[in-house]
Amino acid sequence: MNKGYVEIGDIVIISDEDGNHTQSEYYDNLDQVLVQENVIEEMEGRIQELRKESKNYPLVKKKYTPYLIYSAVAAVLVTPIIIGILTGTNPYLESVDTVYGTVNEALFHSLAVGAIGLPFTSLLTIPDYFNYKERVKKGKGINSELEFLKKQVEKEKEILTSLKKHKTKDNLSTEILSKKVDDLQELKALREKLVLFYDLGSNEKKYYRYYQQGKLDEKLHEQYKTVDVDMVKEHLQEAGPTLVKKRTNNM
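Everything numeric here is computed off the predicted structure, so don't read it as measured data.

S.K.: Help me out: how do you make sense of the overall build of the protein in this one?
M.R.: In terms of regular secondary structure, the protein is built from seven helices and six strands. For the protein, the residues scored as buried account for 31% of the 251 residues in total. Within the structure as shown, the protein displays about 16,500 Å² of accessible surface, and the carbon and sulfur contribution to it stands at 55%.

This is how it looks when you write it as structure tokens:
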């Protein structure tokens, strides 16, 4: 990150956060260029962080399968096989006398294992399901933030290129000047957008519903002090067909 610079005539010595120094020529919009470089560096650093984090929260494309299903399948299919191995008989051909009458041995043992296992797996399913939902939500938030950054960083690079093309020296000073790079406002605005896009991703259905109902402006301003509503609408318009398709498939 650029932290400041010393201007000596038309020569500028720029310092970064690690104490390194580089020499440049002076031009009037140098402050804007250094701030813009910091914004891009911040974005590229965040992109790398999100790419690493996204590996732990992959986008889930299939529906949740509860432990109950696996338990039921195991009770029906696996239990008779185990009983057959242990007893050396075919439980599908044997019978067991119960208070309710004669029952096929394979069915009897499957029901017995199910009666014991299903309540236990039900207790496991509840927290596992909520953990699954939270991971899906976080994965969508990370992906939304990442996609925004990948598009936006290219736009910021175009702005930087444009700034560097217009190098005038109308305000060149004969004094030795020391200045700090004032990027606080721009970095704050960037981080607020990242929070917003994470929120849009993790709560995509809610915000798309607000958009369809004409309540988006109101809801966004309740949540955020400053927000580019048009940018959010553009994002939701792009995501809209996918969200509608998901909702249709779930009906």
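S.K.: Just to check I follow, could you spell out the packing of helix H1 (residues 30–54) against helix H4 (residues 184–202) for this structure?
M.R.: Close contact between H1 and H4 brings their axes to 10 Å; oriented N to C, the two are set at 30 degrees. Looking at the two axes, H1 sits roughly parallel to H4. Crossing handedness for the pair H1 and H4: right-handed. Across from Val35, Asn38, Val39, Glu42, Met43 and Arg46 in H1, the residues of H4 making contact are Glu186, Leu187, Leu190, Arg191 and Leu194.

S.K.: Any chance you could explain the side chain of Asp183 here in plain terms?
M.R.: Summarising the element assignment, Asp183 is placed in the loop between strand S6 (176–180) and H4. Although buried, Asp183 forms no salt bridge, and the nearest oppositely charged side chain, Lys3, lies 5.7 Å from it. Other than its neighbours up to four places away in sequence, Asp183 contacts Asn2, Val35 and Asn38.

S.K.: Before we go on, may I ask you to explain helix H5 (residues 204–213) in this structure?
M.R.: Every α-helix carries 3.6 residues per turn, so stepping three or four residues along brings you back to the same face. Turning to H5, its buried residues are Glu204, Tyr207, Tyr208 and Tyr210. Projected down its long axis, H5 shows its buried positions confined to an angular sector of 155 degrees, all on one face. Following H5 by one or two positions, Gly214 has its phi on the positive side, about 75 degrees.

S.K.: Help me understand the pattern of salt bridges, please; the structure alone is not making it clear to me.
M.R.: Note that side chains of opposite charge can pair when their charged atoms are close. A complete count under the given rule lists twelve salt bridges for this structure. Of the charged contacts, one joins Arg46 and Glu145 as a salt bridge, the two residues approaching to 2.8 Å between their closest N and O atoms. Here Arg46 is found in helix H1, whereas its partner Glu145 is found in helix H3 (residues 105–165), with 99 residues between them in sequence. Take Glu145: its relative accessible area is 4%, and that puts it in the buried class. The salt bridge partner of Lys138 is Glu53, with a shortest N-O separation of 3.8 Å. In this pair, Lys138 is assigned in helix H3 and Glu53 in helix H1, connecting sequence segments 85 residues apart.

S.K.: Would you explain the packing of aromatic side chains in this entry?
M.R.: For any pair of aromatic rings, geometry is given as the distance between the ring centres together with the angle between the planes. Inspection of every chain in the model, using the stated rule, returns three aromatic pairs. Here Tyr207 and Tyr210 contribute two aromatic rings whose centre-to-centre distance is 6.0 Å and whose plane-to-plane angle is 80 degrees, an arrangement assigned as edge-to-face. In this pair, Tyr207 and Tyr210 are both assigned in helix H5, three residues apart and thus about one turn of the helix distant. Summarising the burial analysis for this pair, Tyr207 and Tyr210 share the class buried. An angle of 40 degrees between the planes, with centres 6.0 Å apart, marks the rings of Tyr208 and Tyr211 as tilted. Note that Tyr208 and Tyr211 are positioned in helix H5 at a spacing of three residues, about one turn of the helix.

Cut-offs applied
Residues numbered from 1 in each chain as written. Predicted model: local features only at pLDDT ≥ 70, side-chain atom pairs only at ≥ 80, totals over all residues. Heavy atoms only, no water. Helix = DSSP H or I, 4+ residues; strand = E, 2+ residues; numbered from the N terminus. Buried < 20%, exposed > 50% of the residue type's maximum accessible area, 1.4 Å probe, protein only. Areas by Shrake-Rupley, 256 points an atom, 1.4 Å probe, with all protein chains shown as cover. Axes fitted to C-alpha atoms, helices over the stretch in contact; angles between N-to-C directions. Parallel < 35°, antiparallel > 145°, perpendicular 65-115°, else oblique. Left-handed = near helix turned anticlockwise from the far one by under 90°. Contact = heavy atoms within 4.5 Å. Lys, Arg positive; Asp, Glu negative; His and termini not counted. Salt bridge = Lys/Arg side-chain N within 4 Å of Asp/Glu carboxyl O. Arc of directions from axis to C-beta. Phe/Tyr/Trp six-rings, centres within 6.5 Å; stacked < 30°, edge-to-face > 60°.

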